[in-house]
Amino acid sequence: MNVIINNSSMQPIYEQIVSQVKAQIMNGELIEETMLPSVRSLAKELKVSALTVKKAYDALEEEGFIITVHGKGSFVTLANQGLMLEEKKKEVEADLEMAIRKGRSCGMSDQEIAELFQIVLED
């Protein structure tokens with residue numbers, strides 16, 4: 001598992017861990033039943049608090065990406081295709097929202113943005 005922390009990012013460290021692990025699961029880099037590093041070992045590797053890693057693992061478990069078995073560790077769960085598809089849809093929605101905001105900040109009307117969207121969609 002490869003996680004890189006950007007200390008200058010505005011995104012909290014635990015969210016950076018969550019997003020990178022989710023991305024690796026969705027891209028097939030981490031497959032079902034892959035054991036994740038222990039909370040303490042990942043914290044030591046990333047030079048962050050164990051509580052930060054624990055918070056990230058808890059969030060991943062809550063979202064259904066990993067499961068923690070007491071005394072054994074945390075593992076990637078069965079890749080829930082519906083959950084992964086929903087996650088990708090949320091990313092597309094966020095990208096579209098950003099594009100709309102960018103278009104409006106350049107003075108484009110909603111009509112112009114919609115027309116541009118249709119042109120791009122047809123390519």
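Basis of the calculations
- Residues numbered from 1 in each chain as written.
- Predicted model: local features only at pLDDT ≥ 70, side-chain atom pairs only at ≥ 80, totals over all residues.
- Heavy atoms only, no water.
- Helix = DSSP H or I, 4+ residues; strand = E, 2+ residues; numbered from the N terminus.
- Buried < 20%, exposed > 50% of the residue type's maximum accessible area, 1.4 Å probe, protein only.
- Polar contact = N/O pair within 3.5 Å; in protein donor to acceptor, adjacent residues only side chain to side chain.
- Patch = residues over 30% accessible without salt bridge, like charges linked within 9 Å, V, L, I, M, F, W, Y side chains within 5 Å.
- Areas by Shrake-Rupley, 256 points an atom, 1.4 Å probe, with all protein chains shown as cover.
- Salt bridge = Lys/Arg side-chain N within 4 Å of Asp/Glu carboxyl O.
- Expected span 1.5 Å × (residues − 1).
- Pairing = 2+ DSSP bridges.
- Phe/Tyr/Trp six-rings, centres within 6.5 Å; stacked < 30°, edge-to-face > 60°.
- Lys NZ or Arg CZ within 6 Å of the ring centre and 35° of its normal.
- Axes fitted to C-alpha atoms, helices over the stretch in contact; angles between N-to-C directions.
- Parallel < 35°, antiparallel > 145°, perpendicular 65-115°, else oblique.
- Left-handed = near helix turned anticlockwise from the far one by under 90°.
- Contact = heavy atoms within 4.5 Å.
- Nonpolar A, V, L, I, M, F, W, Y, C, P; charged D, E, K, R; others polar.

**Things to note about the side chain of T77**
Here comes step 1: Counting through the fold element by element, T77 comes out in the loop between β2 (73-76) and α4 (81-105).
Here comes step 2: Residue T77 is classed as buried on the basis of its relative accessible area, which comes to 16%.
Here comes step 3: Within the structure, the side chain of T77 is placed 2.8 Å from the backbone oxygen of G64, a separation counted as a polar contact.

**Quick look at a nonpolar patch on the surface**
Here comes step 1: Taken together, V92, L96, F117 and L121 make up a surface patch of nonpolar side chains, about 360 Å² in accessible area.
Here comes step 2: For the nonpolar patch, the secondary-structure elements that each account for two or more residues are α4 and α5 (110-122).
Here comes step 3: As for its placement among the helices and strands, L96 is situated in helix α4.
Here comes step 4: Assessed through its relative accessible area of 38%, L96 is described here as partly exposed.

**Considerations on helix α1 (residues 13-26)**
Here comes step 1: In this model α1 runs 20 Å from its N-terminal to its C-terminal C-alpha over 14 residues, within 8% of the 20 Å that 1.5 Å per residue would give.
Here comes step 2: Looking one or two places after α1, you find G28, whose phi comes out positive at around 80 degrees.

**Side note on the pairing of strand β1 (residues 66-69)**
Within a regular beta strand, the side chains point alternately toward one face of the sheet and then the other, so they alternate between its two faces.
Here comes step 1: Here β1 pairs with β2 via 4 bridges, running antiparallel. Looking across to β2, one finds that V69 is bridged to G73.
Here comes step 2: From the end of β1 to the start of β2, which pair antiparallel, there are 3 residues, and G71 there has a positive phi angle of about 85 degrees.

**A word on the pattern of salt bridges**
Here comes step 1: The full count for this structure, using the stated rule, is 3 salt bridges.
Here comes step 2: Between K22 and E63 there is a salt bridge whose closest N-O contact spans 2.7 Å. With K22 in helix α1 and E63 in the loop between α3 (50-62) and β1, this pair connects stretches of sequence that are 41 residues apart.
Here comes step 3: K22 sits in the buried class, given a relative accessible area of 10%.
Here comes step 4: One salt bridge connects D58 with K54, and the closest N-O pair in it is separated by 2.8 Å. Linking D58 with K54, this pair stays in helix α3, spanning 4 residues, or about one helical turn.

**Observations regarding the packing of aromatic side chains**
Here comes step 1: One pass over the full model with this rule turns up 0 aromatic pairs.
Here comes step 2: Lying over the aromatic face of Y14, K55 brings its terminal NZ or CZ to 4.3 Å of the ring centre.

**Digging into the packing of helix α2 (residues 39-46) against α3**
Here comes step 1: Axis separation between α2 and α3 bottoms out at 8 Å; the angle between their running directions is 120 degrees. Here α2 lies oblique to α3, going by the angle between them. Here the hand of the crossing between α2 and α3 comes out right-handed. Contacts from V39, L42 and A43 in α2 reach A50, V53, K54 and Y57 in α3.
Here comes step 2: Grouping the constituent residues of the contact of α2 with α3 by class yields 6 nonpolar, no polar and 1 charged.

Coordinates in, geometry out; function isn't part of it.
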